[in-house]
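In case you want the letters, here they are:
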Amino acid sequence: MASPPLMNTYARLSVAFERGEGSWLYDTQGNKFLDALSGIAVCGLGHAHPAVTQAITEQASRLLHTSNLYTIPLQEQLATKLCKLSQMESVFFGNSGAEANEAAIKLARLYGHNKGVENPSIIVMERSFHGRTLATLSATGNRKVHAGFEPLVGGFVRAPFDDVEAVRTIAQNNPNIVAILVEPIQGESGVRTPADNYLAELRKVCDEQQWLLMLDEVQTGNGRTGSYFAYQQTGILPDVVTTAKGLGNGVPIGACLARGVAAETLKPGNHGSTFGGNPLACAAALAVIDTIEKEKLCQRAAELGALMRDGFRTELAGADYISDIRGQGLMIGIELDRPCSELVVLAKVKGILISIAGEGNIIRLLPPLTLTDSEANLIIGVISKLIKIVAADDRDSPRSQGS
Ligand SMILES: *Cc1c(COP(=O)(O)O)cnc(C)c1O
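In this convention, every chain numbers its residues from 1, walking through the sequence in written order. Given that the model is predicted, a residue must reach a pLDDT of at least 70 before its local features are reported, and side-chain atom pairs must reach 80 or more before they are shown or counted; all residues, however, enter totals for whole chains, interfaces and linings. Only heavy atoms go into the side-chain values, all of them from the structure, while hydrogens and water stay out.

1. Let's talk about the pairing of strand E8 (residues 212-216)
Exposed residues in this analysis have more than 50% of their type's maximum accessible area, buried residues have under 20%, and partly exposed residues fall in between, with area computed by a 1.4 Å probe over protein chains only. Each helix is a run of H or I in the DSSP string that is no shorter than four residues. Each strand is a run of E no shorter than two, and both are numbered from the N terminus. In terms of residue burial, E8 counts as a mostly covered element, since five of its five residues are buried. At least two DSSP bridges between two strands are required for those strands to pair. Of the strand pairs in this sheet, strand E7 (residues 177-182) and E8 are connected by four bridges, and their pairing is parallel. Across the sheet, residue Leu-181 finds its bridge partner in E8, namely Met-214. Between E7 and its parallel partner E8, the chain crosses via helix H8 (residues 198-209), and the hand of that crossover is right-handed. Orienting the strands away from the viewer, one traces the path from the first strand over the helix to the second; a clockwise path indicates a right-handed crossover.

Here is the structure:
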């Protein structure tokens, strides 16, 4: 078959889905798959959730778009709801995680210029992921994301993740820093969880230095880690929070939330988006938040995540090739001491969709928050068995034999 006229930006699996329901996807041949990825942390309520379907069909029949030149009541309603949930004070809406982060980066630079800092710079972390636009890829701590797109956008200073001392050292040496941008848990690089007091320590440094603490909750937000935002389990408040993925359950929407001086930094003419915060996307997000609250899905994510990590620890007990089983809520990482990319296809054959992150050795699971206990147990059973098979094959293969 001739290849389709798509730019070759994704190495796709050869399966196409035509329908989804709850945790399940159905392909064009009628096979069903348990979606342990939820898109990529997008469909937190599962596929075709009736509350979201109803909200967007009703809104689509009424009004899709007016532009941001006019008042959009649903956008105001959503902003009010998000501020109440997050203790933030104002919101800018875009259409993706990268756009939410672009807003945060611009906000931080303007905050710096307003303070008289000539070259405002932002501390970002090694192994981070913030998006694929030019500023957000430059902020990202992964050489593979940068390669070929130099010159990178300047004004980012890198520190190792989960290393407060490194940040303090930068504070002593660089008067241009105005903000820190960090993921509460690094998602794309393999569900990396920092020390419990990491964000609180960063908060202290930001307070001492009058820097903005900006959290990228594009992946960790919207209930995924067991609270609406991950920082709500740390006792601190950031100055800026970005989110996207799970906010619209599949309808594109991103948000940059802020409080204090950061809430009032951007002024008319400073930033904008044609589509951002349109009635359709806001109707979807309002239905998502309402459902998360009604179905108590944050608590559910916390309980189910603990259950799944325990389940994997039991199934894989004593396996010396398992380096770590970690995560928070339904953001789960299983790190092997060896590459295991073949698991994606093996799991697909068994009817489960997973992804591999990090250096090809970390299994990442992001199942819907609506997952049932029996679906969770199915994932644990099938994936544990496949991990054992892959590890045994690896042991028998010529490349690991002898010295
Ligand atoms: C996915 C992701 C992004 C980028 O979001 P897009 O919607 O793909 O632009 C940014 N930050 C984090 C932490 C992410 O996981």
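2. So, the site of the ligand
Near, as used in this document, describes a residue that has one of its heavy atoms within 4 Å of the molecule or strand being considered. Around the ligand sit Ser-96, Gly-97, Ala-98, Asn-101, Phe-129, His-130, Gly-131, Glu-183, Asp-216, Val-218, Gln-219 and Lys-245, and those are all the residues in its vicinity. Polar contacts, as used here, are pairs of N or O atoms within 3.5 Å; protein pairs need one atom able to donate a hydrogen and one able to accept it. Residues neighboring in sequence count only if both atoms are side-chain atoms. The separation between an oxygen atom of the ligand and a polar main-chain atom of Gly-97 is 2.8 Å. In the environment of the ligand, an oxygen atom lies 2.8 Å from a nitrogen or oxygen atom belonging to the backbone of Ala-98. Computed by Shrake-Rupley with a 1.4 Å probe, the accessible areas treat only the displayed protein chains as cover when residues are assessed. Bound to the protein, the ligand loses 81% of the 380 Å² it would expose on its own. No other element matches helix H4 (residues 97-114), which puts three residues into the shell around the ligand. A breakdown of the residues in the shell around the ligand according to their chemical character gives three nonpolar, six polar and three charged. Under the scheme applied here, ten amino acids are nonpolar (Ala, Val, Leu, Ile, Met, Phe, Trp, Tyr, Cys and Pro), four are charged (Asp, Glu, Lys and Arg), and all others, including Gly, are polar.

3. Quick notes on the sheet that holds strand E9 (residues 240-243)
The strand order across the open sheet formed by seven strands is E4-E10-E9-E8-E7-E5-E6, and the pairing between neighbours is mixed. The two strands at the open ends of the sheet, each matched to only one other strand, are strand E4 (90-94) and strand E6 (156-159). Taking the axes of each pair of neighbouring strands and ignoring which way they run, one obtains an average angle of 20° across the sheet. Across four bridges, E9 lies against strand E10 (residues 254-258) in antiparallel orientation. In the strand pairing of E10, Thr-243 is matched with Ala-255. Contacts are residue-level and defined by heavy atoms, with any inter-residue pair within 4.5 Å sufficient. The angle between two axes is taken between their N-to-C directions and runs from 0 to 180 degrees, where each axis is a line fitted to C-alpha atoms and a helix contributes only its stretch in contact. Along the sheet face, helix H7 (residues 164-173) touches strand E5 (121-125), E6 and E7 and points at about 145° away from the line of E6.

4. Section: the packing of H7 against H8
The geometry of H7 relative to H8 is characterised by a closest axis approach of 10 Å and an angle of 10° between their N-to-C directions. Compared by their axis directions, H7 and H8 come out roughly parallel. Residues Val-164, Val-167, Arg-168 and Ala-171 of H7 touch H8, and the partners they reach there are Tyr-198, Glu-201, Leu-202, Lys-204, Val-205, Glu-208 and Gln-209. Looking at the contact of H7 with H8 residue by residue, the classes come out as six nonpolar, one polar and four charged. For classification, angles of less than 35 degrees are called roughly parallel, those exceeding 145 degrees roughly antiparallel, those between 65 and 115 degrees roughly perpendicular, and all remaining angles oblique.

5. Quick look at the nonpolar core
Counting residues in hydrophobic clusters, the biggest one holds 88 residues, and the most contacted among them are Ile-180, Val-182, Phe-312, Ile-334, Ile-379 and Ile-387. Ranked by residues supplied to this core, first place goes to helix H9 (residues 279-294) with 10 residues. Beyond its immediate stretch of four places on either side in the chain, Val-182 contacts Met-125, Phe-161, Tyr-198, Leu-199, Leu-202, Leu-213, Met-214, Leu-215 and Asp-216. What is meant by a nonpolar core is a set of buried Ala, Val, Leu, Ile, Met, Phe, Trp, Tyr and Cys residues, joined one to another through side-chain atoms within 4.5 Å. Ala-108, Leu-212, Cys-256 and Ala-263 belong to the second largest nonpolar core, which has 23 residues in total.

6. Points about the packing of helix H2 (residues 50-62) against H9
Running from N to C, H2 and H9 point in directions that differ by 155°, and their axes come no closer than 9 Å. For the element pair H2 / H9, the angle class is roughly antiparallel. Regarding H2 and H9, the two cross each other, and that crossing is right-handed. Residues Ala-51, Val-52, Ala-55, Ile-56, Gln-59 and Ala-60 of H2 form the contact with H9, whose participating residues are Pro-279, Leu-280, Ala-283, Ala-284, Ala-287, Val-288 and Thr-291. Here the residues of the contact of H2 with H9 sort into 11 nonpolar, two polar and no charged. Note: crossing handedness is left-handed where the near helix turns anticlockwise from the far helix by less than a right angle, and right-handed where it turns clockwise.

7. Some details on the sheet that holds strand E14 (residues 355-357)
With antiparallel pairing, the four strands of this open sheet are ordered in space as E11-E12-E15-E14. Strands at the two margins of the open sheet, each flanked by one partner only, are strand E11 (322-328) and E14. Neighbour-to-neighbour, the strand axes of the sheet open up by a mean angle of 25°, direction not taken into account. Judged from the four bridges that link them, strand E12 (residues 331-336) and strand E15 (residues 362-365) form a sheet pairing that is antiparallel. Residue pairing in the sheet places Ile-332 in a bridge with Leu-365 of E15. On the sheet, helix H10 (residues 297-315) packs against E11, E12 and E15 and is oriented at approximately 170° with respect to E11.

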